[in-house]
Amino acid sequence: MKRILFSLISSLTLSTAALAAPGDTTVVQAHPQTSFLSYGNFDHPVTFPSGTTSYRKVNMTFTLGKETCPSTEQYCAQWDYTVRITVMTPTDTFELGRFITPYAHSSYPNMPLNWKHDYVFDVTDFYPILKNNATMRIKYEGYSWGFTGSLKFDFVEGTPPRDVVSVKKMWNNSFAFGQTANPINNNTAPISFTKPTDAVYAEAYHIISGHGSDDQTNNCAEFCNKWYRWMVDGNNVEQRNIWRNDCGVNWVYPQSGTWVYNRANWCPGDVVFPIVHKVPASSLTGASFNAGLEFQAYTSSNQANPPSYTTSNTLFFYKEFNHTTDAGIEDIIAPSNKDLYFRSNPICGEVKVKVKNYGKNALTSINFDYGIVGEPAATYTWTGNIGSMENAIISLPTIPSFKTITGNHQFKAVITGTNGTTDQESHNDTAHSNFTAPPHWDKGNFIIRMVSSSFTQAGNASKWIIRDEAGNIVFQKSSSVASQVNNDTIHLENGCYAMEVIAEAGYGFRFLTAFTPGSLTVRQYDNNTSLSLPKYSPGNANLAGDFGSGFIQEFVVTNSEPLPVGIKKWNNDIQMSVSPNPAKSQLTVKLEGINDPQATIHLKNILGQTVLEVKANQAENIINISHLSAGVYTLIYESNKGSKLEKVVISK
């Protein structure tokens with residue numbers, strides 16, 4: 001049951017309702033929808049619960065939206081702005097979460113004026129300070145109109161993983177990086193903490209991102225990869241790079257700016273994910289310890305206006321775990337219609353769920369019931385190892401009806417047991433998702449045309465790979481030659497397939513006007529009808545190919561027809577082994593149960609060029625490769641019974 005307990009749209013304060021059962025949710029509307037008209041702080045009073053109820057989870061949701069800008073506003077929602085969400089209590093101030101707005105110009109079809117996105121932050125451990133009267137501050141570090149925001153909290157009743165004994169602020173500010181007169185390490189020097197008597201664990205929660213640019217060489221701190229160290233009692237407990245290297249797989253794309261560039265622990269449009277560091281058990285044996293951050297040495301070329309790291313750091317003290325074994329489903333990644341998971345949905349193959357271990361003991365097995373709502377559930381037992389308070393993405397076998405359904409459906413996953421026994425907390429064991437069925441590609445015969453961009457070169461290959469349901473590669477093409485045209489005709493039997501499209505440098509087949517774009521199309525062989533690739537072409541021909549690092553398109557082949565003349569069938573039942581691999585001077589290709597005097601073996605380089613072709617009319621075929629350069633090759637066996645593919649590495 002969900003109830004809206006507090007709403008402070010005006011100055012009215014509502015009284016606390018009666019306690020509800022575990023799992024019930026109390027909603028606190030903490031900040032009404034606000035237009036961000038300029039750089040600055042946007043404050044609003046809030047009344048949280050009194051602190052007398054136990055909550056197993058507290059989520060904070062910031063809803064980002066867009067609005068029409070004045071005609072005089074030149075850069076409406078066109079830049080990546082920092083948004084910091086802070087709670088100000090009568091005694092202290094804590095940053096609860098941070099994200100960066102996307103480049104969201106309204107000319108982009110995926111960024112219309114009615115676009116909205118929820119940024120969800122788990123702030124359960126802040127519960128001791130999220131009570132009674134406070135002020136919520138949204139700091140919008142932008143210089144133009146275009147964005148709106150609102151804020152709410154969901155308090156879910158129940159038993160938390162650990163009771164928080166104390167919450168202590170360490171730092172909450174932006175500090176110059178590389179300024180000799182004010183070294184950053186002076187601002188994050190070790191602080192002494194007294195351990196509460198009933199505390200068993202202590203962990204630090206760091207939100208840190210780099211901003212500003214000092215010169216074209218280093219581009220610190222936004223575009224330079226530097227490290228910091230978590231220091232406890234003078235010891236380097238952990239060293240981490242302040243860097244995100246995956247902006248090319250950003251969930252929101254394309255954007256109207258440099259969204260694919262990797263940055264100092266953030267990507268445009270995404271959350272600045274907190275980093276959690278533990279205080280070693282050895283430092284908790286005494287009455288006190290000290291902890292601080294130590295940044296990598298650096299001297300900025302711009303001493304008057306140096307770059308900076310914006311960091312907020314909070315230390316939590318905890319009691320013992322409330323459960324020894326407690327697995328919770330955090331989210332269903334696939335199948336799902338969430339925009340966060342657009343790159344890997346819809347699916348006809350493996351189900352993927354995100355699980356967190358909320359118990360003290362490691363999770364070594366989890367039992368699942370899962371399936372489409374309204375159909376009999378499938379069961380699966382996962383085995384592995386997930387440490388305490390760690391997350392993992394778990395793959396579950398596909399559902400057969402994924403290959404036959406169409407339209408929209410609901411999916412459900414349930415944890416029915418952990419570590420061979422009943423899970424100790426049932427309220428986080430179930431999750432649902434809404435999803436759309438995968439597309440059906442009819443007849444099984446297709447022409448794939450890939451034109452590489454002018455930016456394609458060694459180290460930035462354009463690729464497509466098609467895998468069957470078991471994950472075997474059945475077809476692939478790679479090109480490292482600029483503006484190269486590749487046409488491939490393929491045949492697929494009925495079943496589920498995944499087509500992965502890759503741009504190794506992370507710039508897609510198109511990026512702004514930086515180079516001559518490439519292209520990718522899939523067409524029906526018999527009538528040349530173009531098949532939809534929504535992740536490649538986002539509704540605007542001028543943006544086709546602007547997908548960053550890549551995407552996966554799953555599809556179901558139906559009504560597969562006999563092969564047209566000239567198309568060879570890939571046959572994964574062919575028993576073939578290739579050794580040694582890697583190889584230097586020769587390869588041995590062994591074939592079992594095949595007798596075709598017309599069979600051949602082709603070896604292709606990464607450009608798709610055939611560099612070697614030999615007859616394969618024996619059970620054991622010895623192939624001389626001493627004249628070939630080191631590299632990765634594709635060995636293809638072709639016969640009247642079908643074909644087989646194997647990746648081969650030649651080393652010298």
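These numbers were taken from a predicted model, which means no experiment stands behind them. (Residues numbered from 1 in each chain as written. Predicted model: local features only at pLDDT ≥ 70, side-chain atom pairs only at ≥ 80, totals over all residues. Heavy atoms only, no water.)

Enquirer: Can you walk me through the overall build of the protein chain in this structure?
Expert: Along its length, the protein chain carries one helix and 39 strands. When its C-alpha atoms are laid out on the principal axes, the protein chain stretches across 85 × 60 × 55 Å. Per-residue burial over the protein chain gives 52% buried out of 652 residues. Sequence separation of 24 or more characterises 75% of the internal contacts of the protein chain that already satisfy a separation of 6 or more. Accessible surface, the protein chain as shown: approximately 27800 Å² in total, 48% of it carbon and sulfur. Placing the 49 positive and 54 negative side-chain charges of the protein chain at their respective mean positions leaves the two points 3 Å apart. (Helix = DSSP H or I, 4+ residues; strand = E, 2+ residues; numbered from the N terminus. Buried < 20%, exposed > 50% of the residue type's maximum accessible area, 1.4 Å probe, protein only. Contact = heavy atoms within 4.5 Å. Areas by Shrake-Rupley, 256 points an atom, 1.4 Å probe, with all protein chains shown as cover. Lys, Arg positive; Asp, Glu negative; His and termini not counted. Charge placed at Lys NZ, Arg CZ, Asp CG, Glu CD.)

Enquirer: How should I be thinking about the sheet that holds strand β34 (residues 586–592) in this particular structure?
Expert: Hydrogen bonds between backbone atoms are what pair the strands of a sheet, whose relative direction is either parallel or antiparallel. Overall, antiparallel pairing links the three strands, which are arranged β33-β34-β37 in an open sheet. The sheet is open, and its two borders are formed by β33 (575–579) and β37 (620–624), each paired with just one other strand. Across the sheet, the axes of successive neighbouring strands diverge by a mean angle of 20°, strand direction being ignored. Across five bridges, the pairing between β34 and β37 is antiparallel. Its bridge partner being in β37, Val589 is matched across the sheet by Asn621. (Pairing = 2+ DSSP bridges. Axes fitted to C-alpha atoms, helices over the stretch in contact; angles between N-to-C directions.)

Enquirer: Honestly, the sheet that holds strand β16 (residues 288–295) in this entry has me stumped. Any pointers?
Expert: If you walk across this open sheet you meet the four strands as β11-β16-β13-β14, and the pairing is antiparallel. Among the strands making up the open sheet, the edge pair consists of β11 (191–194) and β14 (235–241). Within the sheet, the average angular offset between the axes of one strand and its neighbour, ignoring direction, is 20°. Of the strand pairs in this sheet, β11 and β16 are connected by four bridges, and their pairing is antiparallel.

Enquirer: Hey, could you run me through the environment of Gly407 in this one?
Expert: Topologically, Gly407 is positioned in the loop between β22 (391–396) and β23 (408–418). Residue Gly407 is classed as partly exposed on the basis of its relative accessible area, which comes to 39%. Considering only alpha carbons, one finds Gly407 and Tyr140, 267 residues apart in sequence, at a separation of 40 Å. With near-sequence residues (within four places) excluded, Gly407 lies in contact with Phe435, Thr436 and Ala437.

Enquirer: Which parts of the structure should I look at to understand the confidence of the model for the protein chain?
Expert: Fine structural detail should not be taken from predicted coordinates in areas where pLDDT scores are low. Averaged over all residues, the pLDDT of the protein chain is 90; the fraction at 70 or higher stands at 94%. Confidence over residues 1–20 falls short of pLDDT 50; this stretch has 39 contacts with residues more than four positions distant or in other chains. (pLDDT = per-residue confidence, 0-100.)

Enquirer: Explain the packing of aromatic side chains here, please?
Expert: Here the distance between the centres and the angle between the planes together describe a pair of aromatic rings. Under the counting rule described, the total for this entry stands at 47 aromatic pairs. Consider the rings of Tyr370 and Phe411, whose centres lie 6.4 Å apart with planes at 45°: the pair is tilted. Placement of the pair is Tyr370 in strand β20 (residues 363–372) and Phe411 in strand β23, with a sequence separation of 41 residues. Ring geometry for Trp441 against Phe555: centres 3.9 Å apart, planes inclined by 15°, an arrangement best described as stacked. Separated by 114 residues along the polypeptide, Trp441 in strand β25 (residues 440–442) and Phe555 in strand β32 (residues 550–558) bring together distant segments of the chain. One aromatic cluster is present, formed by Phe36, Phe42, Phe62, Tyr81, Phe99, Tyr119, Tyr140 and Trp251 through successive ring pairs. Just above the ring of Tyr253 sits the side chain of Arg343; from NZ or CZ to the centre is 3.9 Å. (Phe/Tyr/Trp six-rings, centres within 6.5 Å; stacked < 30°, edge-to-face > 60°. Lys NZ or Arg CZ within 6 Å of the ring centre and 35° of its normal.)

Enquirer: Before we go on, may I ask you to explain the environment of Asp24 in this structure?
Expert: You can see Asp24 is positioned in the loop between β1 (2–7) and β2 (25–35). Judged by relative accessible area, which is 10%, Asp24 ranks as buried. When the C-alpha atoms of Asp24 and Ser288 are compared, they prove to be 38 Å apart, with 264 residues separating the residues in sequence.

Enquirer: Could you clarify how one ought to interpret the pairing of strand β6 (residues 93–100) in this entry?
Expert: Side-chain positions along a regular strand alternate between the two faces of the sheet. Within β6, seven of the eight residues are buried, which leaves it mostly tucked inside the rest of the structure. Bridge count for strand β5 (residues 82–88) against β6 is seven bridges, and the pairing is antiparallel. Directly across from Thr82, in β6, lies its bridge partner Ile100. Taking the residues between adjacent antiparallel strands as the criterion, β5 and β6 are bridged by four residues.

Enquirer: Help me understand the state of the cysteines, please; the structure alone is not making it clear to me.
Expert: Between two cysteines, a covalent bond joining their sulfur atoms is known as a disulfide. Evaluated as defined, the whole model comprises four disulfides. Between the sulfur atoms of Cys69 and its disulfide mate Cys76 the distance is 2.0 Å. Taking the torsion about the S-S bond as the criterion, the Cys69 to Cys76 disulfide, at about 75°, is right-handed. Exposure class is identical for Cys69 and Cys76. Each is buried. Here Cys348 is linked by a disulfide to Cys496, with a sulfur-sulfur distance of 2.1 Å. Taking the sign of the S-S torsion, 80° for the link of Cys348 and Cys496, the bridge is right-handed. Linking Cys348 in the loop between β18 (327–334) and β19 (351–357) with Cys496 in strand β30 (residues 495–503), this pair joins segments that are 148 residues apart in sequence. The buried category is assigned to Cys348, whose relative accessible area is 0%. Here the cysteine-cysteine linkages of the protein chain are recorded as 1-2, 3-4, 5-6, 7-8, numbering only bonded cysteines and doing so in sequence order. (Disulfide = S-S within 2.5 Å.)

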